[in-house]
Amino acid sequence: MDYAEIKLLNGDAFMVEGTCDEVEKKLSDAARSGQSRLAWFTEYGTDGSVGVNPDHVASLRAGEISG
């Protein structure tokens, strides 16, 4: 499984399932869908989901998960 790290403007970071391209597409789709739309992801290491406001994203990079 591929993972990507989403870093927010406030410094919080989330490791989520998906390639950078997949995560970027979800963020872009949410941004185009209207104000206050969240992009939903499965967070690494949990069974839970995390909703991310695309307006708050500072960076996106391929995840590095050690073993």
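Look above for the structure.
Remember, it's a predicted structure, so these values are computed and weren't measured experimentally. Here, residues in each chain are numbered from 1, in the same order as that chain's written sequence. Only residues with pLDDT of at least 70 get local features here, since the model is predicted, and only at 80 or more are side-chain atom pairs given and counted; chain-wide, interface and lining totals rely on the full set of residues. Excluding hydrogens and water, the side-chain values take into account all heavy atoms of the structure.

(A) Expanded view of the nonpolar core. Think of a nonpolar core as a cluster: buried Ala, Val, Leu, Ile, Met, Phe, Trp, Tyr and Cys residues, connected wherever their side-chain atoms sit within 4.5 Å. Each residue's exposure class comes from its accessible area (1.4 Å probe, protein chains only) as a fraction of the maximum for that residue type: buried when under 20%, exposed when over 50%, partly exposed otherwise. A4, I6, L8, F14, V16, V23, L27, A30, A39, F41, V50 and V52 form the largest nonpolar core, which has twelve residues in total. Elements that contribute at least two residues to this core include exactly β1 (3–8), β2 (13–17), α1 (20–33), β3 (39–42) and β4 (49–52). For this analysis, residues touch if any pair of their heavy atoms sits within 4.5 Å. Look past the residues within four positions of V52 in its chain and what remains in contact with it is I6, L8, L27, R37, L38, A39, F41 and V57. Secondary structure follows DSSP: runs of H or I at least 4 residues long count as helices, runs of E at least 2 residues long count as strands, and numbering of each begins at the N terminus.

(B) View of the sheet that holds β2. Two strands qualify as a pair provided DSSP detects at least 2 bridges between them. Taken in spatial order, the three strands of this open sheet run β2-β1-β5, and their pairing is antiparallel. Only two strands of the sheet have a single partner each, and these edge strands are β2 and β5 (57–62). Across this sheet, the average inter-strand angle for adjacent strands is 25 degrees, counted without regard to direction. As paired strands, β1 and β5 are joined by five bridges and run antiparallel to one another. Note on β5: the bridge partner recorded for I6 is L60. Axes, fitted as lines to C-alpha atoms, cover a helix only where it is in contact. Angles between the N-to-C directions of the axes lie from 0 to 180 degrees. The strands touched by α1 within the sheet are β1, β2 and β5, with β5 carrying the most contacts at an inclination of about 155 degrees.

(C) Geometry of the pattern of salt bridges. Any carboxyl oxygen of Asp or Glu within 4 Å of a side-chain nitrogen of Lys or Arg constitutes a salt bridge here. As enumerated under the stated definition, the model contains three salt bridges in all. Between E5 and R61 there is a salt bridge, with the nearest N and O atoms lying 2.7 Å from each other. Placement of the pair is E5 in strand β1 and R61 in strand β5, with a sequence separation of 56 residues. Looking at E5, the relative accessible area reads 15%, which means it is buried. We classify R61 as partly exposed; its relative accessible area is 47%. With a shortest N-O distance of 3.0 Å, K25 and D29 are connected by a salt bridge. Residue K25 and its partner D29 are located together in helix α1, separated by four residues, close to a single helical turn. Put simply, K25, D29 and R32 are held in one network by salt bridges that share partners.

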